[in-house]
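Chain residues, written in single-letter form:
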Amino acid sequence: MPTNETANSAEKARQIGATTLISRSPSVLTAEIDGEIVMMSIEQGRYFGLDDIGSDIWKRIDPPCSFAALIDALAADYVADRATIAADVQALLDRMAEQDVVRLT
């Protein structure tokens, strides 16, 4: 029988599909410092920082885009296979969605 953690992980994996629309949360303030994005969640009062690749992803979701379009754009610009990019981006988006930094619809 799956644990709650296993069930939650499986549920999150199903949430992001090719047509999932990814958008920035309106409750996050951002600033770019030395090419990297620093964010503050107004609602949670927390600060977050993104590395250069995370910052690139953040920039690419304004305007909102589908997961498939985001992965296609990243695959065209980075030297990695599409499956690896998709898995890494999904993990990042899952963490960002948990903190209400992005919205997945």
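> Which residues make up the packing of helix α3 (residues 67-77) against helix α4 (residues 82-98), and what values go with them?
Interaxial distance between α3 and α4 falls to 10 Å at its minimum, and their mutual angle equals 125°. By the angle class used here, α3 and α4 are oblique. When the axes of α3 and α4 are compared, the crossing they make is right-handed. On α4, the residues touching Phe67, Ala68, Leu70, Ile71, Asp72, Leu74 and Ala75 of α3 are Arg82, Ile85, Ala86, Val89, Gln90 and Leu93. Broken down by class, the residue content of the contact of α3 with α4 amounts to 10 nonpolar, 1 polar and 2 charged.

> Any chance you could break down unusual backbone geometry for me, citing the residues and the numbers?
With omega at 10°, the peptide bond leading from Asp62 into Pro63 counts as cis. Tracing the sequence through the fold places Pro63 in the loop between α2 (52-60) and β5 (65-66). Despite not being glycine, Asp34 shows a phi value in the positive range, around 55°. Within the element layout of this structure, Asp34 appears in the loop between β2 (28-33) and β3 (36-41).

> Lay out the pairing of β3 with the relevant residues and their values.
Only one face of β3 is buried: it carries Ile37, Met39 and Ser41, and the other face, with Glu36, Val38 and Met40, is open. Direction of pairing for β2 relative to β3: antiparallel, over a ladder of 6 bridges. Looking at β3, one finds that Ile33 is bridged to Glu36. Adjacent in sequence and paired antiparallel, β2 and β3 are bridged by 2 residues, among which Asp34 carries a positive phi angle near 55°. Examined bridge by bridge, β3 and strand β4 (residues 46-49) share 4 bridges and lie antiparallel to one another. Its bridge partner being in β4, Met40 is matched across the sheet by Tyr47. Hairpin connection of β3 to β4: 4 residues between the antiparallel strands, including Gly45 at a positive phi of 65°.

Calculation notes
Each chain carries its own residue numbering, running from 1 in the written order of its sequence. In view of the model being predicted, local features appear only for residues whose pLDDT reaches at least 70, and side-chain atom pairs are presented and counted only at 80 or more, with totals across whole chains, interfaces and linings using the full set of residues. Each side-chain value is worked out from all heavy atoms of the structure, with water and hydrogens disregarded. Lines fitted to the C-alpha atoms define the axes, with helices restricted to the stretch that makes contact. Angles between their N-to-C directions range from 0 to 180 degrees. What counts as a helix is a DSSP run of H or I of at least four residues, what counts as a strand is a run of E of at least two, and both are numbered from the N terminus. The scheme is simple: roughly parallel for angles under 35 degrees, roughly antiparallel for over 145, roughly perpendicular for 65 to 115, oblique for anything else. Crossing handedness follows the turn of the near helix against the far one: under a right angle anticlockwise gives a left-handed crossing, and clockwise gives a right-handed one. Whether two residues touch is decided by their heavy atoms; if any such pair falls within 4.5 Å, the residues are in contact. For this classification, Asp, Glu, Lys and Arg are treated as charged, while Ala, Val, Leu, Ile, Met, Phe, Trp, Tyr, Cys and Pro are nonpolar and the rest, including Gly, are polar. For every residue, the accessible area (1.4 Å probe, protein chains only) is compared with the maximum for its type, and the residue is labelled buried under 20%, exposed over 50%, or partly exposed between those bounds. Strands qualify as paired when DSSP identifies two bridges or more between them.

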